[in-house]
Amino acid sequence: MDDQSRHIKFFTGSLIEIQRLQLDLDDNGIPSMVKNNFQSGLRAGFYGGSPSQVELFIYEEDMEKAKPILASFKEAMNL
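What counts as what
- Residues numbered from 1 in each chain as written.
- Predicted model: local features only at pLDDT ≥ 70, side-chain atom pairs only at ≥ 80, totals over all residues.
- Heavy atoms only, no water.
- Axes fitted to C-alpha atoms, helices over the stretch in contact; angles between N-to-C directions.
- Helix = DSSP H or I, 4+ residues; strand = E, 2+ residues; numbered from the N terminus.
- Parallel < 35°, antiparallel > 145°, perpendicular 65-115°, else oblique.
- Left-handed = near helix turned anticlockwise from the far one by under 90°.
- Contact = heavy atoms within 4.5 Å.
- Phe/Tyr/Trp six-rings, centres within 6.5 Å; stacked < 30°, edge-to-face > 60°.
- Buried < 20%, exposed > 50% of the residue type's maximum accessible area, 1.4 Å probe, protein only.

Caption draft 1: Molecular detail of the packing of helix α1 (residues 15-27) against helix α3 (residues 63-77). As a packed pair, α1 and α3 sit with axes 10 Å apart at the nearest point and diverge in direction by 135 degrees. Looking at the two axes, α1 sits oblique to α3. Crossing of α1 over α3 shows right-handed handedness. In this structure, α1 contributes E17, R20, L21, D24 and L25 to the contact, and α3 contributes A66, I69, L70, F73, A76 and M77.

In structure tokens form, the structure reads like this:
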């Protein structure tokens, strides 16, 4: 990763699914970032987003390495 690296949306699902996938990515040395509008809205005192629409982002250059991890995750979770 360098100054030109950018995040891309990799997966959208529930917080539990996101946390599980994030662990799989971490085990393979792929950093990720979670965007949870629902939780952010609750903390700010208003409703925002859906609890089943949490987004997981990865660096664009990690996409090819992450694709097989996502495929295995989807198979294990029956998605």
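Once you've had a look at it, read on.
Caption draft 2: Region of interest: the packing of aromatic side chains. The full count for this structure, using the stated rule, is one aromatic pair. Where F11 meets F73, the ring centres are 5.5 Å apart and the plane angle is 85 degrees; that geometry is what we call edge-to-face. Of the two residues, F11 is situated in strand β1 (residues 7-13) and F73 in helix α3; the sequence distance between them amounts to 62 residues. Taken as a pair, F11 and F73 share a single burial class, namely buried.

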